[in-house]
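# Structural characterization, general
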Amino acid sequence: MPYTTEEGGRLNNFAKEPTVYQAEDPTGTEKRNYVFLGIVAAALVGGLVFVAYSVSSVS
């Protein structure tokens, strides 16, 4: 573990730094999957809102 010695003999420990890398752009297939998942999520939220509205407006 990397550490430094300060005045008086105290040790100062440092965390290990993670390796940094550049993210790659998504491929065409990944982009299509993101669009599909977005549509499914929007439909799910819309369905939940519809059910909540229909249950709360019962008179």
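It should be emphasised that the depicted structure is a prediction, and the values quoted were computed from it without experimental measurement. Starting from 1, residues in each chain are numbered consecutively following that chain's sequence as written. Where local features are concerned, this predicted model is filtered to residues with pLDDT of at least 70; where side-chain atom pairs are given and counted, the filter is 80 or more; whole-chain, interface and lining totals use all residues. Processing note: side-chain calculations cover all non-hydrogen atoms of the structure and skip hydrogens and water entirely.

### Here's the deal with the overall build of the protein chain
What the protein chain contains, in helices and strands, is 1 helix and 2 strands. Here the globule rule reads 2.2 Å times residues to the power 0.38, and the radius of gyration is calculated from C-alpha atoms. Taken against the 2.2 N^0.38 rule, which gives 10 Å for 59 residues, the C-alpha radius of gyration of the protein chain at 26 Å runs more than 25% over that of a compact globule. Here the C-alpha coordinates of the protein chain stretch approximately 75 × 40 × 10 Å along the principal axes. Of all 59 residues assigned to the protein chain, the portion counted as buried reaches 0%. We get accessible surface area from the Shrake-Rupley algorithm with a probe of 1.4 Å; when it comes to residues, only the shown protein chains can shield them. Carbon and sulfur atoms form 63% of the exposed surface of the protein chain, whose accessible area is close to 6,000 Å². Taking the average location of the 4 positive side-chain charges in the protein chain and that of its 6 negative ones, the two points are 8 Å from each other. Helical segments are the DSSP runs of H or I of at least four residues, strand segments are the runs of E of at least two, and each set is numbered from the N terminus. Buried, partly exposed and exposed residues are distinguished by accessible area as a fraction of the type maximum, computed with a 1.4 Å probe on protein chains only: under 20%, between the cut-offs, and over 50%, respectively. As used throughout, the charge tally considers Lys and Arg to be positive and Asp and Glu to be negative, leaving His and the chain termini uncounted. In this description, the location of a charge corresponds to atom NZ of lysine, CZ of arginine, CG of aspartate or CD of glutamate.

### Some details on the environment of Leu 11
Position of Leu 11 among the secondary structure elements: in strand E2 (residues 11-13). You can call Leu 11 exposed: its relative accessible area is 55%. For Leu 11, the contacting residues outside a window of four places in its chain are Tyr 3, Thr 4 and Thr 5. Note on definitions: a residue-residue contact is assigned when non-hydrogen atoms from the two residues lie within 4.5 Å.

### Notes on a nonpolar patch on the surface
On the surface, Phe 36, Leu 37 and Val 40 cluster together to form a nonpolar patch covering roughly 310 Å² of accessible area. Tracing the chain through its elements places Val 40 in helix H1 (residues 28-56). The patches described consist of residues with a relative accessible area above 30% and no salt bridge, like charges being joined within 9 Å and nonpolar side chains (Val, Leu, Ile, Met, Phe, Trp, Tyr) within 5 Å. What makes a salt bridge here is a side-chain nitrogen of Lys or Arg within 4 Å of a carboxyl oxygen of Asp or Glu, nothing more.

### Topic: the confidence of the model for the protein chain
The predicted coordinates ought not to be read in detail in places where the model reports low pLDDT. Each residue carries a pLDDT score, the predictor's confidence in it, ranging from 0 to 100. Across the protein chain, the average pLDDT comes to 88, with 95% of residues at or above 70. Summarising per-element confidence for the protein chain, the mean pLDDT is lowest in strand E1 (residues 3-5) (75) and highest in H1 (96).

### Examining H1
Its 29 residues place the ends of H1 42 Å apart at the C-alpha level, agreeing with the 42 Å of an ideal helix rising 1.5 Å per residue. Within H1, only 0 of the 29 residues are buried, leaving the element largely exposed. A helix's residues, less one, multiplied by 1.5 Å, set its expected span.

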